[in-house]
Each structure stands twice: as structure tokens, then as C-alpha cells.
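# Chains, contacts and geometry: an overview
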Amino acid sequence: MLPKKFHIYSFPDFKKARVKPDTPFKREDYISLNENYANLSSVLRGKKVYMRTYGCQANVRDEETMLGILKTFGMKRTPNKEDADLVILNTCAVRENAEEKVYGEIGSFKSLKKNKPTMKIALCGCMCLEPPVVEKVVNTYPFIDFLFGTHDIARLPTFLHRAFVMGESFVDVISSSGEVVENLPSLRSERFKAFVNIMYGCDKFCSYCIVPSTRGRERSRLLKDVVDECKGLVKRGYIEITLLGQNVNAYGKDLKDGTSFASLLEEVAKLGIKRLRFITSHPFDFDDELIDVIARYDNIMKYIHLPVQSGSTRILTLMNRRYDREGYLSLVNRIKTKIPNVALSSDIIVGFPSETEEDFLDTLSLVEEVQYSTLFTFIYSPRPFTPATIMKDQVDDKIKHERFIRLSKLSEKIIEKQAKKMVGKTYDVLIEEISKKDDSFVSGYTENYKLVHVKGDSSFIGKIIKVRITSSHTYSLIGEIIDGQENN
Ligand code: 5AD
Ligand code: SF4
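Thresholds, definitions, all that
- Residues numbered from 1 in each chain as written.
- Chains lettered and ligands numbered in written order.
- Predicted model: local features only at pLDDT ≥ 70, side-chain atom pairs only at ≥ 80, totals over all residues.
- Heavy atoms only, no water.
- Helix = DSSP H or I, 4+ residues; strand = E, 2+ residues; numbered from the N terminus.
- Buried < 20%, exposed > 50% of the residue type's maximum accessible area, 1.4 Å probe, protein only.
- Contact = heavy atoms within 4.5 Å.
- Pairing = 2+ DSSP bridges.
- Axes fitted to C-alpha atoms, helices over the stretch in contact; angles between N-to-C directions.
- Patch = residues over 30% accessible without salt bridge, like charges linked within 9 Å, V, L, I, M, F, W, Y side chains within 5 Å.
- Areas by Shrake-Rupley, 256 points an atom, 1.4 Å probe, with all protein chains shown as cover.
- Salt bridge = Lys/Arg side-chain N within 4 Å of Asp/Glu carboxyl O.
- Near = heavy atom within 4 Å.
- Nonpolar A, V, L, I, M, F, W, Y, C, P; charged D, E, K, R; others polar.
- Domains from an automatic or database assignment.
- Buried area = accessible area lost by both parts, 1.4 Å probe.

Quick look at the environment of Pro 387 now. With respect to the secondary-structure elements, Pro 387 resides in the loop between strand 17 (374-379) and helix 16 (397-422). For Pro 387, a relative accessible area of 41% translates into the label partly exposed. If sequence neighbours within four positions are ignored, Pro 387 has contacts with Arg 18 and Ser 207.

Next comes the structure, spelled out in C-alpha cells:
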């Protein structure tokens, strides 16, 4: 039973979320979708929004879109919860601990809302696609005003109208991914580096992963729309573009016109952006044409995030990853042969159901062999409605933690060795910010994504400078500017 206070426009449904629509994805235009709400600014102008985003880059990009929409109605962002007229918590569902953090934050709004009853509180993002989460939220936290999902962001003006003009509380979470919306407003968080969505959703259905349910089926933006957006960014002086998708290598498959990720990457590289990156790659779709394009263009960074998830073929099969250990290692060899200076990074899950010590040793030996420059290690977390949750032989928490530590230590040793080798050499570094620990330093990244700190001030931010590395820590390097010359 749901509390009466909430009007249910649409409720999430895990089954619907995973089904591919019969009809081709619709292409919609944000402006024409929302033309009825032009008058909303008279209600919203000057109001403040507190927005908190959890999780991956797809959510960060959604945050930029939502802030862009709110700005068109004259709303401003505030870092202070107390000042907010609107709160939006943009959630992540990939692991249970991500959800726990969100519940912690929701609780903190109870007394704020009591003191300021006009404050509207919304929950959006991946957690809202989970029916049990929505039920729990509306029953446990009645001070929440509305919930919407990842497919509903372009309808934010409708939600604002309902909340601020009609005074409604509601749930409106559409589960099926039927459309691609263009011309979305955007308030980009950085002046010199930008993330550009090239596709949404994922069709891979790895057996542990909730993403195909929360982000829907794969749908690509048209090549022309992506290229036009990138062209605009180059014109506005952006230095780095990262093409974004759950599985960028599958880009274009649904367009059925021969467009591939390799062809898109090449088109964007030709626009002359200084640094071009892309995340995330799936090994199954990573072909030789793509390796050739990366090798051919100097402005495509030689850094590839290529999640392996496990080094054991038996576990990879249970994970439904569609490659085996040998296939992955052979792909790594082809990449390293054609792109000798490449840096590879990866995601690995430890403690997947039935993972034995022998399987785990296969993972350690694969990590030794590949020598990742960055490794994101995760403890397996059962997710609702995923096949792995009901698999036999769930691994004991103690063993999971112990494997997590062993893998982290190995990766740390490899990364430390790589960092030491960089001392004395010179690298181009794109300076991003004042260093967090010492404000007489600035920090940025090399082409292969190593973090470098160098003496400097805010005038360096957004510039590529030549830096000689003078010393190394495990996860960062200290350097000196070679000639004070920026390299833009
Ligand atoms: N448990 C632990 N890690 C997970 N990931 C995805 N689903 C789970 C899960 N249920 C990890 C994968 C993926 C990364 C983004 O999160 O390694 O690549
Ligand atoms: Fe999840 Fe697998 Fe898709 Fe990545 S490829 S988002 S791990 S289902």
C-alpha cells in the first residue's frame, strides 16, 4: 500500500525496463516537448536548488542537464541545504553501499523540511527504477515530494509545474526506454573539459548488474548530433572531450546504417579537439578497426578503460561477459602491439558467487600480466532482479574483504612501479584545479591519466603544460614546469 499523499503517474517495473521496445526509438526535441511550460519561470525565477549526485559519469551528465533546465527557468544552484527551495538527490543503484549513502542523506532533510515546509524534495536517478526502493521511500520518508527516473529528465518542467504550481506529491518513473531527446539544455560543470553522451543504456545484461534495468536498452544518438555538439564545444574553447556511454563500443548498432564507434571517434578526432577520451569500453565489442583509429590520431588519448571483471573463464561465463580469459588477453596484446604507449585500466569484482581461491588466483595473475595503470576493485553486491543474486554459493563476507585487500595491494604495487618509472621524464599535463592538499600547487592529468601536482596558481587551470616528473607517490606524481610555456 502506498500513502494517499502520492499521485502515481507511473510506477517502476523491472520487467518492462529490460524489454526492448517493438518500435524504433523515438527522437524527440526538448524544446517542443516542453513548449507549454514557458511561463514556469514566473514561479521559479530566483528560487534555489540544492543538487547532490551519486555514482557514475552518466549521473554527473544528467546533473548538468537538470541544472541546465532549471537555469532556463531562472533557478540557481546553492551548496547550502538550508537555502534550498528545491532539493534533488540524483541516486546510484550499482552497489548496495551506494544506496545506503542516499538513505543517510534523505534522513537529513526531515528537520529541514519541518522548518521550511515550502521546500520541495525530489529523488531521481537509478534507485527510482527499483520498485522496492520507491515503496520504501514513499512509506518511510513522507516528507519527500516527488520521484522520477533516468528516462524522465527531459520532463523535469512537467514535474516542476506539478510540484510548485499544483502542489502535488507524486511518483512518475517510466521504466521503458523509448526515446532519445536532443537539444537538452546543459550547465556544464567545467570550462575546459566536457562529457558528451553518445548513447544511453546497456544491452549486455551481465548477470550481476542492475544497469540494464535502471538505464534501459541501448540507444544511440545520431552521429551528426554528437559531432555537432562536439563541434560547438571545440568552438567554445574546450580542450578535452570524453565520449560517454555504458558500453561505447556498441555505439551505432541500433542505428542499423553501418555507423560504428570507430567511425564516430574518427569524426570527432578530426574536429581538432586537443584531447579525446571515451568511457566505458566492453571487451566483447572492441574491434581492430577501433584499435587502428586510436593508434592513428595523436589527439585520441592512449588510455583505455577496459573492464575485465574477473580473470577466471569459469566466473566470466557465470557473469555473462561474452569473452574468456584468453580472448581478453589476446585483445590486450593486439592493443599493446598497435598502441605501444597505451595505459589500460579496469574494473574487477571480487567475491562473485561461487568464486574459489583458484578463480581468484586467476584474477591476480591476469592483473600481473596486463599491468593496469588504474584498477577499480569492487566487492560483489547482490542487486535485486539480477540473476547472480540467486546463484548458489554466495561468498562469505570475510573472504570477499580479504580478496579485496589482496587485489588492492597487488594493484598498488604495479601502479607504484609505473609511477617510479615516470620520474625524470616529461609529460603534457592538463591542469584542472588548485591542489586539494596545498594551495601553492595545481593538479592535472597526463595523457594516460596519471595525476600530477606542480607548483602554480589558478592561471594554469585549463591549460596543457609540459612537466618533468621529479618524484612519485603511489597514486600521484610531483613535477616541475619545464619552460613555463603552455602547450595549447
Ligand atoms: N557488485 C559489485 N560491483 C558491481 N559492478 C556492477 N555491478 C556490481 C555489483 N552488483 C561494478 C562493475 C562495473 C562497475 C561500474 O561497477 O565492475 O564495471
Ligand atoms: Fe552493467 Fe555489464 Fe552493461 Fe557494464 S556492460 S553496464 S557491467 S550490464
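Bringing the sheet that holds strand 17 into the picture now. Read from one edge to the other, the open sheet built from three strands follows the order 15-16-17, with strand pairing classed as parallel. The outermost strands of the open sheet, each flanked by one partner alone, are strand 15 (303-305) and strand 17. The average undirected angle you get between the axes of adjacent strands in this sheet is 15°. Here six bridges tie strand 16 (residues 343-350) to strand 17, and the two strands are oriented parallel to one another. For Asp 347, the partnering residue across the bridge sits in strand 17 and is Phe 376. Where helix 16 meets the sheet, it contacts strand 16 and strand 17, and its direction lies at approximately 175° from that of strand 17.

The buried fraction of strand 19 (residues 441-446) is high, at five of six residues. As paired elements, strand 18 (residues 426-434) and strand 19 share five bridges and run antiparallel to each other. Bridge pairing in strand 19 places Ile 434 opposite Val 442. In textbook terms, the turn of a hairpin is the stretch between consecutive antiparallel strands, and for strand 18 and strand 19 this stretch comprises six residues. For strand 19 and strand 20 (residues 451-455), the ladder comprises five bridges, and the chain directions are antiparallel. Across the sheet, Gly 444 pairs through a bridge with Val 452, a residue of strand 20. What sits between the antiparallel neighbours strand 19 and strand 20 is a turn of four residues, in which Tyr 449 has the positive phi angle 65°.

Where nonpolar side chains cluster on the molecular surface, the patch consists of Val 43, Val 165 and Met 166 and spans about 240 Å² of accessible area. Tracing the backbone through its elements, the reader meets Val 43 in helix 3 (residues 41-44).

Inspection of the region around ligand 2 gives Cys 202, Lys 204, Phe 205, Cys 206, Tyr 208, Cys 209, Val 211, Pro 212, Gln 246, His 282 and Arg 321 as its neighbouring residues. Classifying every residue of the shell around ligand 2 by side-chain character gives seven nonpolar, two polar and two charged.

For the rest of this paragraph, the subject is the domain arrangement of the chain. Looking at the chain, the domain boundaries give domain 1 (6-18 + 40-177), domain 2 (180-419) and domain 3 (426-486). For domain 1 versus domain 2, the distance between C-alpha centres works out to 28 Å. With 29 residues of domain 1 in contact, the opposing surface of domain 2 contributes 30 residues. With both chains or domains summed, domain 1 and domain 2 bury close to 2,800 Å², and 59% of this area falls on carbon and sulfur atoms. Counting every contact that joins domain 1 to domain 2 gives four salt bridges.

Before going further, it helps to examine helix 11 (residues 261-269). Helix 11 sits mainly inside the fold: seven of its nine residues count as buried. The set of residues buried in helix 11 consists of Phe 261, Ala 262, Leu 264, Leu 265, Glu 266, Val 268 and Ala 269.

Glycine aside, the phi torsion of most residues is negative, and most peptide linkages are trans. For the bond from Ile 279 to Thr 280, the omega torsion is 0°, close enough to zero to count as cis. With respect to the helices and strands, Thr 280 occurs in the loop between strand 14 (275-279) and helix 12 (288-296). Unlike most non-glycine residues, Arg 322 shows phi in positive territory, near 70°. Along the chain, the position of Arg 322 falls in the loop between helix 13 (313-318) and helix 14 (325-338). We note that Asp 393 has phi near 60°; this positive angle belongs to a residue other than glycine. The residue Asp 393 is located in the loop between strand 17 and helix 16 in this model.

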